[in-house]
Amino acid sequence: MSFDVLQEKIIAVKNPTVVGLDPKPDYVPAHIRKACYEQYGETLEGAAEAIYRFNCGLMDALAGLIPAVKPQSAYYERLGWRGMEVLERTIRYAHEKGLFVIADIKRGDIGSTAEAYSDGWLGATEVEGKRLSSFNADCVTLNGYMGSDSVKPFLKTCREEDKCAFVLVKTSNPGSGELQDVAVEGGRTVYGVMANLIETWGTGTRGKYGYTMAGAVTGATHPRQLQEIRAMMPNTFLLVPGYGAQGGTAEDVQHAFHKGGRGAIVNSSRGIICAWKKTGKDGEDYQEAARNAVIAMRDDICRYTNIE
C-alpha cells in the first residue's frame, strides 16, 4: 500500500519532512533564470524551464535526506501548458531520484469530473485501447467538503493503482475556522465530521503500518485541534502543513505522530526552497542552503519525535 511506501522512506532517511516544490520565478536564483531566458527569452517557456532546472537541482541536493516532495499544481498552472509539462517532468525526475510524490492539487469535484482528475493524476487514460499514464503521482491532496462523491473516484483509483490520497480536515489558514470549526449536532465540529468520514472511507485498506489509503491534512498552526484529530483518526496518515513560515513549530507537530514517529509527514516549502535568499550569496549556494534547511528542520522535529 502506498502509505507503507511513504512510511518506509521516512524510516530510511529518519526524516518526516516533505519539501513543497512551489516555486515562483523569483524564487529561482538569478543565474538559473538568466541561462534560461538567454535560451528561451523572457517568456512563459523560459520561466517554466528555469523552474524545472531549479527543481532538479533541489532534488539532486536533497535526495537521500528527504522521503518525498510535494509540488503544488497552482505554481505550474500559472505558466499555462508549459508549466504543466514541467510539472509532469518534475514528477518523473522525482521518481528517478527515489522520491515519493504528493501532487498538491486539492481537487474537489464530483462524478465523471472527479474520475477524470483521478485518471490524470493517479491512474491512466485510455487511448485507442491502450492505458497511458500522464502525471503518475503517488498521492494527491483532495478537498472532500463536497462529500463522498468528490473522494470515492480517487479512492477507487488508489485501490486499482496502489496509490493514496490526503483529504483536507483542519487546514492551516487563518480563515479555516469560519467553516471547519462550526459546531454541529452532537457537539461535534465540521472538521470532526470530516475526520470521521475519512476514517470510514478508508475502511478495509489498512496496510503494514496500520494506515489506510485515505490520509488527512491537518495544519500545524492549530496544535490543539491537531492533537484532537490524531486521537480521532488512529488509522489515518497525516500530512501537516504550516510548519515554519506559517507559524507552526516542532513542538506543535509532535502531536501528529504515533510512537516511533509513525503516521505523519510535515511540509515545508519556502523555508527550504528559498533558504538561499538568507545567505547573501545570490543563490549560487541554493543547493547547500536547501540541504542545511532540511537538516535543521529534521533535527528540530526529531527533538520531540524519534523516527524508528
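Report on the accompanying structure. As the structure is a prediction and not an experimental result, all values here were calculated from the model.

Rules of the game
- Residues numbered from 1 in each chain as written.
- Predicted model: local features only at pLDDT ≥ 70, side-chain atom pairs only at ≥ 80, totals over all residues.
- Heavy atoms only, no water.
- Helix = DSSP H or I, 4+ residues; strand = E, 2+ residues; numbered from the N terminus.
- Buried < 20%, exposed > 50% of the residue type's maximum accessible area, 1.4 Å probe, protein only.
- Contact = heavy atoms within 4.5 Å.
- Areas by Shrake-Rupley, 256 points an atom, 1.4 Å probe, with all protein chains shown as cover.
- Lys, Arg positive; Asp, Glu negative; His and termini not counted.
- Charge placed at Lys NZ, Arg CZ, Asp CG, Glu CD.
- Arc of directions from axis to C-beta.
- Pairing = 2+ DSSP bridges.
- Right-handed = clockwise from strand over helix to strand, strands pointing away.
- Expected span 1.5 Å × (residues − 1).
- Salt bridge = Lys/Arg side-chain N within 4 Å of Asp/Glu carboxyl O.

1. So, the overall build of the protein chain
Right, so step 1: Helices and strands together make up the secondary structure of the protein chain, namely 13 helices and 10 strands.
Right, so step 2: Projected onto its principal axes, the C-alpha positions of the protein chain cover 60 × 55 × 35 Å.
Right, so step 3: In the protein chain, which comprises 308 residues, the share counted as buried stands at 55%.
Right, so step 4: Long-range pairs, those at least 24 residues apart, make up 74% of the contacts in the protein chain between residues at least 6 apart in sequence.
Right, so step 5: With an accessible surface of roughly 13000 Å², the protein chain has 48% of that area assigned to carbon and sulfur atoms.
Right, so step 6: Of the side chains in the protein chain, 35 bear a positive and 38 a negative charge, and the two mean positions are spaced by 3 Å.

2. Describing helix H10 (residues 223–232)
Right, so step 1: Those residues of H10 lying buried are Gln-225, Leu-226, Ile-229 and Arg-230. For H10, the arc enclosing every buried residue in end-on projection is 140 degrees, short of the 170-degree limit, so these residues lie on one face. The outward face of H10, more than 90 degrees from its buried face, is lined by the exposed residues Arg-224 and Ala-231.

3. With respect to the sheet that holds strand E8 (residues 214–218)
Right, so step 1: Pairing is parallel around the closed barrel formed by eight strands, whose spatial order is E1-E2-E3-E6-E7-E8-E9-E10.
Right, so step 2: The pairing of strand E3 (residues 100–107) with strand E6 (residues 139–142) spans three bridges and is classified as parallel. Counterpart to Ile-102 in the pairing with E6 is Cys-139.

4. Examining unusual backbone geometry
Right, so step 1: The backbone of Glu-128 shows a phi angle near 50 degrees, a positive value even though the residue is not glycine.
Right, so step 2: In this structure, Glu-128 sits in the loop between strand E4 (125–127) and strand E5 (130–132).
Right, so step 3: Unusually for a residue other than glycine, Asn-136 sits at a positive phi of about 55 degrees.
Right, so step 4: Tracing the chain through its elements places Asn-136 in the loop between E5 and E6.

5. A look at the pairing of strand E7 (residues 164–170)
Right, so step 1: Within E7, seven of the seven residues are buried, which leaves it mostly tucked inside the rest of the structure.
Right, so step 2: The pairing of E6 with E7 spans four bridges and is parallel. Considered in E7, the bridge of Thr-141 is made with Phe-166.
Right, so step 3: A crossover connection joins E6 to the parallel E7 through helix H7 (residues 152–161); in handedness this β-α-β unit is right-handed.
Right, so step 4: Sheet topology places E7 next to E8; five bridges connect them, and they run parallel. If you follow Val-167 over to E8, its bridge partner there is Ala-216.

6. Let's talk about helix H1 (residues 2–13)
Right, so step 1: Its 12 residues give H1 an end-to-end C-alpha distance of 17 Å, which sits within 8% of 16 Å, the value for a rise of 1.5 Å per residue.
Right, so step 2: Every buried residue of H1 is listed here: Ser-2, Phe-3, Asp-4, Leu-6, Gln-7, Ile-10, Ile-11 and Val-13.
Right, so step 3: In the stretch just after H1, Lys-14 is the one whose phi turns positive, near 55 degrees.

7. Some thoughts on the pattern of salt bridges
Right, so step 1: Counted under the stated rule, the structure contains 15 salt bridges.
Right, so step 2: Here Glu-88 makes a salt bridge to Arg-92, at a shortest N to O gap of 3.4 Å. One end of the pair, Glu-88, and the other, Arg-92, are both in helix H5 (residues 80–96), four residues apart, so they sit about a helical turn from each other.
Right, so step 3: Residue Lys-170 pairs with Asp-181 through a salt bridge whose shortest N-O separation is 2.7 Å. One end of the pair, Lys-170, is in strand E7; the other, Asp-181, is in the loop between helix H8 (177–180) and helix H9 (190–201), with 11 residues separating them in the sequence.

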